[in-house]
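Letter by letter, the chains look like this.
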Amino acid sequence: MSGDEVDLGRRRMITGATAVTGGVGAACVAVPFVSYWEPSVAAQAAGAPVEVDISELRPGEKITVEWQRKPVWVIRRTEEELATLQGHEDSLRDPQSEESDQPDYVANANRSLKPEYLVMIGICTHLGCSPTFDPGRELESGWSGGFFCPCHGGKYDLAGRVLNGVPPPKNMAVPPHRYLSDTVILVGEDEGVA
Ligand code: FES
């Protein structure tokens, strides 16, 4: 099963879980639920932070949430996938992410607060296509798979760092975020992160 197939399945499950929760709320207190829900949707469209429950996310999987009308990926990388981020700096355009759109607190090879969890905007920095999640796919030496953009052949490693010699000019962007607990990430706000 490919990473995208896993992602689709997980998204269906998470959507289903959300629908069940909403249904219970609507049955008990229909009017308060509606009056709460409408401003919440408007606030999210305006860019309000989004809570992401990662308690069901297994190693090697990706989930997608929407923040500021952009897809934000949360990916739980395996030990093997994290190992692919070392030792190929020469093949990267910006290995230290010095020209990337990202918070200072992810200025490391993993580009994350916790090594295994990558939080990243799932948009190619060339012309805005949506790359595929291809861990383990090797198209050329020096690349152990990661994210592949089918529009013009953009290639990124599993930290979203772009390879040399492909069209995207920058690494993929990391949004502001912080952990509310071990299993909940807040995307869109990082107040209090050291
Ligand atoms: S839009 Fe991704 S490589 Fe061009």
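Remember, predicted model here, so these are calculated numbers, not experimental data.

Visitor: Where do I start with the environment of V174 in this structure?
Guide: Here V174 lies in the loop between β7 (154-156) and β8 (177-181). With relative accessibility at 5%, the residue V174 sits in the buried group. In this structure V174 touches D101, Q102, P103, V106, R111, V119 and M120, once residues within four positions along its chain are discounted.

Visitor: Explain the side chain of D94 to me, please; I cannot follow it from the model alone.
Guide: Among the structural elements, D94 can be located in the loop between α3 (79-83) and β4 (117-121). Lacking a salt bridge, the buried D94 has R111 as its closest oppositely charged neighbour, with an N-O distance of 7.4 Å. A polar contact is formed between the side chain of D94 and the backbone nitrogen of E98, at a distance of 2.9 Å. The contact partners of D94, leaving out residues within four places of it in the chain, are E99, S100, R161 and N171.

Cut-offs applied
Residues numbered from 1 in each chain as written. Predicted model: local features only at pLDDT ≥ 70, side-chain atom pairs only at ≥ 80, totals over all residues. Heavy atoms only, no water. Helix = DSSP H or I, 4+ residues; strand = E, 2+ residues; numbered from the N terminus. Buried < 20%, exposed > 50% of the residue type's maximum accessible area, 1.4 Å probe, protein only. Contact = heavy atoms within 4.5 Å. Lys, Arg positive; Asp, Glu negative; His and termini not counted. Salt bridge = Lys/Arg side-chain N within 4 Å of Asp/Glu carboxyl O. Polar contact = N/O pair within 3.5 Å; in protein donor to acceptor, adjacent residues only side chain to side chain.

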